[in-house]
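Structural features, examined
The lines below spell out each chain.
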Amino acid sequence: MTRKTYWLEHAWLDTHVEPGVAVTTQDGRITTVRTDTPTPPPGAEILRGLTLPGLANAHSHAFHRALRGTVQVGSGTFWTWREVMYATADRLTPETYHALARAAYAEMALAGITAVGEFHYVHHAPGGTHYADPNAMGEALIAAAADAGIRITLLDTAYLSSGILNKHSGQPPNTHQLRFSDGSADAWAERCSVLKERDHARIGAAVHSVRAVPASQLATVAQWAEERRAPLHVHLSEQTAENDACQAAHGCTPAQLLAEHGVLGRRTTGVHNTHLTDEDIALIGGSGTGTCMCPTTERDLADGIGPAVALQRAGSPLSLGSDSHAVIDLLEEARAMELNERLRTRTRGHWTAAALLRAASADGHAALGWDEAGTLEPGALADFTTITLDSVRTAGPLPRLGAETAVFAASAADVSHTVVGGRHVVRDGAHCLVPDVPKALADAVEALRG
């Protein structure tokens with residue numbers, strides 16, 4: 001790859017906004033970062049506005065993008081929403097999933113997202129029969145990310161049961177869930193072991209939830225991830241019904257059950273972490289387990305507001321995800337985490353704008369196993385995104401308040417450029433690899449509805 005220089009009109013350098021920054025990239029990484037560069041060096045590509053490290057979407061279910069709008073009709077609960085989700089999952093094939101994920105990942109790139117954590121559990125054909133390639137669905141997602149120009153951590157998910165039956169086993173998968181299940185954690189591990197990492201793709205693991213993986217099989221998933229030093233994610237205490245079922249069967253909370261079976265730890269991220277006890281918070285924070293908050297989905301599904309402040313104080317790094325893709329906007333997720341906490345406590349200023357941006361960038365990448373991304377510094381992957389400072393949302397504040405403007409005023413619509421590995425993926429607000437992203441999304445969704 002040829003050497004390239006970008007001149008950033010303003011750049012967020014972790015703690016502050018710096019005007020006039022020249023960034024040189026080579027072979028997909030940043031080689032130099034020069035401040036005090038008031039004018040563009042000869043031949044530099046000019047990025048007007050505020051440039052941030054690329055954003056990391058730490059929790060995604062790509063096929064949920066097809067649900068946007070359809071699940072907003074009427075009322076209901078998480079559990080009624082889930083039935084609509086199942087109907088969409090039933091219609092997925094490797095071809096239709098590739099088309100939908102390619103378009104959804106392109107939408108992410110347009111929102112400044114350079115890496116996604118895909119919590120992937122639609123593994124097999126409807127009815128639980130296997131495709132000729134048992135990883136056909138996962139391979140479709142990896143290819144979709146490449147086509148959209150972003151990085152992916154495929155969090156291949158163990159999903160074996162429909163609920164907790166007793167202390168030792170789970171209830172059998174229902175008709176919809178048959179295609180999610182490998183039958184056992186050992187069979188899941190055998191299938192996952194065939195998946196190969198690529199330059200743009202890493203392989204991680206996930207426990208769908210303590211509802212979906214019996215306690216006796218949790219350690220198998222944890223060991224698989226530990227042996228590979230891979231990220232391990234888990235839906236944790238998203239619903240009070242999950243907590244009640246776990247207490248009834250095991251006499252403990254889901255967090256305590258996960259700790260007992262070796263799931264918690266520094267490479268593990270709990271997604272949602274909504275309904276926790278003080279002991280749960282201490283376990284999660286004390287083990288260094290991360291927390292991925294998905295405020296838009298948590299609001300959309302009426303899940304509740306998780307104790308993000310207490311978790312971070314206890315030692316749990318925070319990341320952000322768009323989850324069900326009711327919207328795809330990491331700036332909105334960052335803003336919502338702070339504003340939700342303001343509503344809950346009736347006080348302001350729980351996180352600085354810089355702390356929220358770190359959750360959306362460096363800490364999100366770390367949760368996905370991309371520790372070398374999420375910062376603008378030499379040696380880091382050359383992944384960054386630029387937000388315009390002259391839109392109707394962002395015009396007015398001083399440039400030195402760019403971080404505050406980005407978090408509390410900007411939206412995905414203000415992203416003008418996204419660069420991944422030193423290559424433009426979004427230029428001047430248009431995707432460079434996927435023409436007409438709105439049409440691609442509409443066509444992919446329509447194919448599933450048909």
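Just above, that's the structure.
What comes next is a walk through the structure. (Residues numbered from 1 in each chain as written. Predicted model: local features only at pLDDT ≥ 70, side-chain atom pairs only at ≥ 80, totals over all residues. Heavy atoms only, no water.)

1. So, the sheet that holds strand β2 (residues 17–26)
To keep things clear, this is the line we draw: Strand pairing is assigned whenever DSSP detects at least two bridges linking the two strands. The secondary structure listing takes helices from DSSP runs of H or I that are at least 4 residues long and strands from runs of E that are at least 2 residues long, numbered from the N terminus.
As summarised here, the arrangement of the 8 strands in space is β3-β2-β1-β4-β15-β16-β17-β18, forming an open sheet in which the pairing is mixed. Taken across any chain shown, the strands that pair with only one partner, and hence form the sheet edges, are β3 (29–34) and β18 (430–431). Sheet analysis places strand β16 (residues 415–420) next to strand β17 (residues 423–427), joined by 3 bridges and oriented antiparallel. By the bridge assignment, Val 419 is partnered in β17 with His 424.

2. Looking at the packing of aromatic side chains
Within a pair of aromatic rings, the relevant descriptors are the distance that separates the centres and the angle that separates the planes. We count it as follows: Pairs were defined over the aromatic rings of Phe, Tyr and Trp, the Trp ring being its six-membered one, requiring ring centres within 6.5 Å. Orientation was assigned from the angle between planes: stacked under 30 degrees, edge-to-face over 60, tilted for the rest. The rule is simple: take the accessible area with a 1.4 Å probe, protein chains only, and divide by the maximum for that residue type; under 20% is buried, over 50% is exposed, in between is partly exposed. Whether a charge lies above a ring is judged from NZ of Lys or CZ of Arg, which has to be within 6 Å of the ring centre and within 35 degrees of the ring normal.
Under the counting rule described, the total for this entry stands at 8 aromatic pairs. Ring centres of Tyr 6 and Phe 384 lie 5.2 Å apart, and the angle between their planes is 85°; on these two criteria the pair is classed as edge-to-face. In this pair, Tyr 6 is assigned in strand β1 (residues 4–12) and Phe 384 in strand β15 (residues 384–387), connecting sequence segments 378 residues apart. This pair shows no difference in class: Tyr 6 is buried, exactly as Phe 384 is. Ring centres 6.1 Å apart and planes at 85° place the aromatic pair Phe 63 and Tyr 121 in the edge-to-face group. With a gap of 58 residues between them, Phe 63 in the loop between β5 (55–60) and α1 (78–90) and Tyr 121 in the loop between β6 (113–120) and α3 (136–148) connect regions that are remote in the sequence. Exposure remark for Tyr 121: the relative accessible area of 3% places this residue in the buried category. Taken together, the aromatic side chains of Phe 63, Tyr 86, Tyr 97, Tyr 121, Tyr 159 and Phe 180 make up a single cluster linked through ring pairs. The cationic tip of Arg 202 hangs over the ring face of Trp 370; the distance from NZ or CZ to the ring centre is 3.7 Å.

3. Some remarks on the pairing of strand β7 (residues 151–158)
Remember that side chains alternate between the two faces of the sheet whenever the strand is regular. Among the 8 residues in β7, 8 count as buried, and that is most of the element. With 6 bridges connecting them, β6 and β7 associate as parallel partners. Of the residues in β7, the one forming a bridge with His 120 is Asp 156. Two strands pair when backbone bridges link them, and β7 and strand β10 (residues 201–207) are joined in this way by 7 bridges, in the parallel orientation. Bridging from a neighbouring strand, Ala 158 pairs with Val 207 of β10.

4. Some points on the pattern of salt bridges
Side-chain pairs of opposite charge can arise where the charged atoms are in close proximity. Stated precisely, the cut-off is as follows: The salt bridge criterion pairs a side-chain nitrogen of Lys or Arg with a carboxyl oxygen of Asp or Glu, the two atoms within 4 Å.
Enumeration over the complete set of coordinates arrives at 21 salt bridges. For Arg 299, the salt bridge goes to Glu 332, with nearest N and O atoms at 2.9 Å. Linking Arg 299 in helix α9 (residues 295–300) with Glu 332 in helix α11 (residues 330–345), this pair joins segments that are 33 residues apart in sequence. We classify Glu 332 as buried; its relative accessible area is 18%. Across the pair Arg 344 and Glu 341 runs a salt bridge, and its minimum N-O distance is 2.5 Å. Of this pair, Arg 344 and Glu 341 both sit in helix α11, 3 residues apart, which is roughly one turn of the helix. Through salt bridges with shared partners, one network takes in Lys 4, Glu 45 and Arg 427.

5. Thoughts on the packing of helix α2 (residues 94–110) against helix α15 (residues 437–449)
Where we set the bar: Think of each axis as a best-fit line through the C-alpha atoms, taken over the contacting stretch in the case of a helix, with angles from 0 to 180 degrees between the N-to-C directions. Roughly parallel means an angle under 35 degrees; roughly antiparallel means over 145; roughly perpendicular covers 65 to 115; every other angle is labelled oblique. In this scheme the handedness of a crossing depends on how the near helix is turned from the far one: anticlockwise by less than a right angle means left-handed, clockwise means right-handed. We call two residues in contact whenever any of their non-hydrogen atoms come within 4.5 Å of each other. Residue type decides the class: Asp, Glu, Lys and Arg count as charged, Ala, Val, Leu, Ile, Met, Phe, Trp, Tyr, Cys and Pro as nonpolar, and the leftover types, Gly among them, as polar.
Relative to each other, α2 and α15 sit at 150°, their axes nearing to 9 Å. With respect to α15, the element α2 is oriented roughly antiparallel. Between α2 and α15 lies a crossing whose hand is left-handed. Along its contact with α2, which presents Thr 96, Ala 99, Leu 100, Ala 103, Ala 104, Ala 106, Glu 107 and Leu 110, the element α15 presents Val 437, Ala 440, Leu 441, Ala 444, Val 445 and Leu 448. Classifying every residue of the contact of α2 with α15 gives 12 nonpolar, 1 polar and 1 charged.

6. Let's talk about the nonpolar core
Applicable threshold: Buried Ala, Val, Leu, Ile, Met, Phe, Trp, Tyr and Cys residues form a nonpolar core when they are joined through side-chain atoms within 4.5 Å.
One finds Phe 63 and Tyr 105 to be the most contacted residues of the largest nonpolar core, which totals 122 residues. A per-element tally of this core places α2 first, with 8 residues. When residues no more than four places from it in sequence are discounted, the contact partners of Phe 63 are Met 85, Thr 88, Ala 89, Leu 92, Tyr 97, Leu 100, Tyr 121 and Val 122. Counting residues in hydrophobic clusters, the runner-up holds 12 residues, among them Leu 13, Val 23, Leu 376 and Val 419.

7. As for the pairing of β17
The turn linking β16 back onto β17 is made up of 2 residues, and Gly 421 within it adopts a positive phi angle of 60°. In terms of strand pairing, β17 meets β18 through 2 bridges, oriented antiparallel. Bridge pairing in β18 links Arg 427 to Ala 430. Hairpin connection of β17 to β18: 2 residues between the antiparallel strands, including Asp 428 at a positive phi of 50°.

8. As for the sheet that holds strand β14 (residues 318–320)
Taken in spatial order, the 8 strands of this open sheet run β5-β6-β7-β10-β11-β12-β13-β14, and their pairing is parallel. Each having just a single partner strand, β5 and β14 make up the two edges of the open sheet. Across the sheet, the axes of successive neighbouring strands diverge by a mean angle of 25°, strand direction being ignored. Sitting on the sheet, α3 is in contact with β6, β7 and β10, with an inclination near 165° to β7.

9. Some words on the side chain of Thr 297
Assignment of secondary structure puts Thr 297 in helix α9. Taking the relative accessible area as the measure of exposure, Thr 297 reaches 1% and is therefore buried. In this structure, Thr 297 is in contact with Asp 303, Ser 322, Asp 323, Ser 324 and His 325, ignoring residues within four places of it in sequence.

10. Points about the environment of Glu 341
The condition is simple: Whenever a nitrogen or oxygen atom comes within 3.5 Å of another N or O atom, the pair is scored as a polar contact, on the condition that within protein one atom can donate a hydrogen and the other can accept it, and that pairs from neighbouring residues in sequence are kept only if both atoms are in side chains.
With relative accessibility at 3%, the residue Glu 341 sits in the buried group. For the pair Glu 341 and Val 309, spaced 32 residues apart in the sequence, the C-alpha separation amounts to 8.1 Å. At a separation of 2.5 Å, a polar atom in the side chain of Glu 341 contacts the side chain of Arg 344.

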